[in-house]
Amino acid sequence: MVISRTRKFLLIGIVAAVVCAALLAWLLLQESRDEETLIHLNENLSAAGAQLAQTEQKIIASFGEGENVEGSGGHLRTYEANGIRIGFSGDQDNDLYGLVSSIAFWDPAYDVYSINIGDDRMAAIDTLLSQGYKHLTEGMYRNGEYIISLSGAETVELIQIWFDDKDLRDRQY
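Everything numeric here is computed off the predicted structure, so don't read it as measured data.

Q: Explanation requested: the sheet that holds strand β6 (residues 111–112) in the structure shown.
A: In any sheet, the strands associate via hydrogen bonds between backbone groups, in a parallel or an antiparallel arrangement. Judged by pairing direction, the sheet is antiparallel, and its three strands sit side by side in the order β1-β6-β7 without closing on themselves. Two strands lie at the open edges of the sheet, namely β1 (45–46) and β7 (115–116), each paired on one side alone. Of the pairings in the sheet, the one linking β6 to β7 comprises two bridges and is antiparallel in character. By the bridge assignment, V112 is partnered in β7 with I115.

Q: In this structure, what is going on with the sheet that holds strand β9 (residues 140–143)? I would like to understand it.
A: Pairing within the open sheet is antiparallel, and its eight strands lie in the order β2-β3-β4-β5-β11-β10-β9-β8. Only two strands of the sheet have a single partner each, and these edge strands are β2 (67–71) and β8 (134–137). Between one strand and the next, the sheet's axes are offset by a mean angle of 20°, whatever the strand orientation. Alignment of strand β3 (residues 74–79) against strand β4 (residues 84–89), held across six bridges, turns out to be antiparallel. By the bridge assignment, Y79 is partnered in β4 with I84. On top of the sheet, helix α2 (residues 56–63) reaches β3, β4 and β5 (100–105); it is set at about 15° to β3, its chief contact. Across the sheet, helix α3 (residues 121–130) lies against β8, β9 and β10 (146–151), angled at about 170° from β10, the strand it touches most.

Q: Would you mind showing me how to read α2 here?
A: For an α-helix, 3.6 residues make a turn, and residues three or four places apart therefore share a direction. Here α2 has its buried residues at E56, I59 and F63. Angularly, the buried residues of α2 cover 60° about the axis, an arc narrow enough to put them on a single face. Opposite its buried face, α2 presents the exposed residues Q57, A61 and S62, each directed more than 90 degrees away. Summarising the contacts, the buried residues of α2 are in contact with β3, β4 and β5.

Q: What am I meant to see in the pattern of salt bridges here?
A: Side chains that carry opposite charge are capable of pairing whenever their charged atoms lie near each other. On inspection of all chains with the given rule, the structure shows four salt bridges. A salt bridge links E138 to R121, with the nearest nitrogen and oxygen atoms 3.2 Å apart. One end of the pair, E138, is in the loop between β8 and β9; the other, R121, is in helix α3, with 17 residues separating them in the sequence. Residue E138 is classed as exposed on the basis of its relative accessible area, which comes to 64%.

Q: So what exactly am I meant to see when it comes to the pairing of β10 here?
A: Regular strands place their side chains on alternate faces of the sheet. Counting buried positions over the six residues of β10 gives five, a clear majority of the element. Of the pairings in the sheet, the one linking β9 to β10 comprises four bridges and is antiparallel in character. Note on β10: the bridge partner recorded for M140 is S149. Counted along the chain from β9 to the antiparallel partner β10, the turn is two residues long, and its residue G144 has a positive phi close to 65°. As judged from the six bridges shared by β10 and strand β11 (residues 158–163), these two strands associate in the antiparallel manner. Note on β11: the bridge partner recorded for Y146 is F163. Hairpin connection of β10 to β11: six residues between the antiparallel strands, including G152 at a positive phi of 130°.

Q: When you look at the packing of aromatic side chains in this model, what are you seeing that I'm missing?
A: The description of an aromatic ring pair uses the distance of the two centres, along with the angle that the planes make with each other. The tally for this structure, following the rule as stated, stands at four aromatic pairs. Ring geometry for F63 and Y79: centres 5.1 Å apart, planes at 35°, overall tilted. Taken as a pair, F63 in helix α2 and Y79 in strand β3 lie far apart in primary sequence, 16 residues in all. Comparing F63 with Y79, the two get one shared label, buried.

The rules we used
- Residues numbered from 1 in each chain as written.
- Predicted model: local features only at pLDDT ≥ 70, side-chain atom pairs only at ≥ 80, totals over all residues.
- Heavy atoms only, no water.
- Pairing = 2+ DSSP bridges.
- Helix = DSSP H or I, 4+ residues; strand = E, 2+ residues; numbered from the N terminus.
- Axes fitted to C-alpha atoms, helices over the stretch in contact; angles between N-to-C directions.
- Contact = heavy atoms within 4.5 Å.
- Buried < 20%, exposed > 50% of the residue type's maximum accessible area, 1.4 Å probe, protein only.
- Arc of directions from axis to C-beta.
- Salt bridge = Lys/Arg side-chain N within 4 Å of Asp/Glu carboxyl O.
- Phe/Tyr/Trp six-rings, centres within 6.5 Å; stacked < 30°, edge-to-face > 60°.

This is the structure we're talking about:
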């Protein structure tokens, strides 16, 4: 059976449209997956009310002024008495510009995915892996645009969480 030239072009057009639609659906899913990760991460973060993407005004209202440390990619507010350090992106291209983009804590009262300071480090790693995080480098785990770092030898001594904007990964601050 010989397929006419018109039918051949029509078939190619249909296949191309299906491929484009599938690609668009995949891209939309990737975008929403990162957003879901932020929501899921914040739902599983207990750090005296501090969460990623909060305004600096809300943090100051909750914790006070703290010690402000300026950096080239933003600034940090450290609250030693509360065992927490909160970072704000100063890069206007960052999706979390001017908002909380990192949280580090060393107070055992705080947790992420029920991982606390003092917990067994290997059990904490297993928890992160079960939440969809992938091993990045020693002590660092990524899920979408979010990284969690666990410091400590046998037990977790410091937990750091930050937003790693995919569009800015090549920038050096």
